Each structure stands twice: as structure tokens, then as C-alpha cells.
Amino acid sequence: MIFYRSWSPVQALSFDLDDTLYDNWPYIKRAEQWLTDYLKEQVHATAHLTHSQWQAYKRKVIKRDPRLKGDVSACRVAWLHLAFTEHGMAESDASQLAQKIFQQFLAVRSDFEVPAESLALLQVLAQRYRLVAITNGNVDIAKIGLSGLFELELKAGGPFKAKPAADMYQYACQQLQLAPQQIAHVGDHCITDVAGATKAGYRSIWLNQNSQQARKLQALPDIEISQLAQLQHLL
């Protein structure tokens, strides 16, 4: 644990989810593979499309509506819908199918449990701090075992721009009725978590499990940790 600034107690901790409370890569990789297989086997109109062609649809919808870049759920539905309509589906059928596939994708993407040590740590921290989840992802928080642990659960999309934008950080302050400096944000990403939280006025705790990220720091965190368990020292 490295302290870059003098530490004073806070009243709340906000947490990033993906790659902070669990290793997200295996789960998103599995979900993407499921989607690829499903589209090839079950959706005949687009079965011939390659991975690069699907990626082109993603870029196309983001170019049309840049707000989709920060809303991973709406973006996925949008590029599925666009591909379906461009390959002959009626608008209503494409919309219905895109939503159906996305819900199935989300179920596969959320088919795991947060490691027991992360859950145990959160339960201990909850005795001392108010806990909030602030994520750019779309994992089903209840399904992965985090139900009831957070006082507030915020996801990018809809009214909220994705981190590092201040939207979710500011909203959490309003809902908790706390000043930004009374909250410390814990996350792995040097830009969305460290820079985003710092610019919003939060204290920041950087989970740095990849030393290569240090080159990308845009703001200095208050504390750097290499393992989540080190948060116990804040008690």
C-alpha cells in the first residue's frame, strides 16, 4: 500500500466492478464467444458475417450516435438491430430479436460469482463505510452475488455518461448527501477510475495489478494498492 497524500477518514467507498472485484476477462470472453456462435447458428440472415464485419456495425452505430460509446448495453442492441435490418429483417422483428439476444448475452455474461474473498471484504467494509457501485459495465449485480451490499448501484448509460465523466460520481454524492472528498473511489483503471474520481473531487484508491498502467496515469491517486485485501488496513 502506497500513500501519495495524507489520508483522512472518509464516510463512503465507491467501487468499480469489472477487474476490481473480480477478473472480468474470462467472463466477457465466454459471453462474446456465445454471441458469435449464436449469431452463426441461429440467425440465418447474418450467419455469413465475419467478426470484422460485426465490428464495423459497432463503429457505424457509434459514429451515428457517439453517446453509445459510453453505453455498452444500448450500443450492442443498436449494432445488432442495424445488421438485422440491413439484411432484410422488418424493423419490428429486428428490434425484438436484438433485445432478445442481448438479454441472453447478458445472462451468459453475468453467469459467475464474485470471489468469496471479495464478498467477505465488502461485508467487513460495510460495517464501517457506506458502499456504492459505480461501473461502466452492464453485469447483473444481483446475479453475481452482490445483491444488498451496495446502498447505491450506478451503471453508465441512460442519464449517465461513462466514467471518467463526472455524472455518476456527482449523482452518488447527491444521493448519499456527502461531499466528494468524503468518498473514496476504488478501481483498477488509471483513467476511468483514478482520473475520473479525482477530477470529481473524490479521494481515489488505485488497484494496480498491472504496473504497465502507471505510464497512463493522468492524476495521482491518494492510495495505490496491489491487492484488494489491502483495503482492510483502512479499518
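Residues numbered from 1 in each chain as written. Predicted model: local features only at pLDDT ≥ 70, side-chain atom pairs only at ≥ 80, totals over all residues. Heavy atoms only, no water.

**Describing the layout of surface pockets**
Of the volumes computed, that of the second largest pocket is approximately 240 Å³. Lining the second largest pocket are 13 residues, and of these Arg67, Gly70, Phe160, Lys161 and Ala162 lie nearest its centre. A class-by-class count of the residues in the lining of the second largest pocket yields 5 nonpolar, 3 polar and 5 charged. (1 Å grid on protein atoms, 1.4 Å probe; cavity = no way out; pocket = protein on both sides within 12 Å on 5 of 7 lines; lining within 4 Å. Points joined across faces, edges and corners; volume = space filled by probe spheres on them. Nonpolar A, V, L, I, M, F, W, Y, C, P; charged D, E, K, R; others polar.)

**Here we look at the pattern of salt bridges**
Counted according to the given criterion, the structure contains 9 salt bridges. In this structure, the salt-bridge partner of Asp16 is Lys163, at a minimum N-O distance of 3.1 Å. Of this pair, Asp16 sits in the loop between β2 (12-15) and α1 (25-42) while Lys163 sits in the loop between β4 (152-155) and α6 (167-176), and the two are 147 residues apart along the sequence. Take Asp16: its relative accessible area is 6%, and that puts it in the buried class. (Salt bridge = Lys/Arg side-chain N within 4 Å of Asp/Glu carboxyl O. Helix = DSSP H or I, 4+ residues; strand = E, 2+ residues; numbered from the N terminus. Buried < 20%, exposed > 50% of the residue type's maximum accessible area, 1.4 Å probe, protein only.)

**Some words on unusual backbone geometry**
With an omega of 15°, the peptide bond running from Lys163 to Pro164 counts as cis. One non-glycine residue, Asp19, adopts positive backbone phi at about 65°. Take Asp19: it is sitting in the loop between β2 and α1. Of note, Gln177 is a non-glycine position whose phi angle comes to about 60°, a positive value. With respect to the helices and strands, Gln177 occurs in the loop between α6 and β5 (183-187). For Gln177, a relative accessible area of 71% corresponds to the exposed category.

**As for the pairing of strand β3 (residues 130-135)**
Of all 6 residues that make up β3, 5 are buried, and the element is covered over most of its length. In terms of strand pairing, β2 meets β3 through 4 bridges, oriented parallel. Its bridge partner lying in β3, Phe15 is registered against Ala133. Here 4 bridges tie β3 to β4, and the two strands are oriented parallel to one another. Note that in β4 the partner of Ala133 across the bridge is Glu153. (Pairing = 2+ DSSP bridges.)

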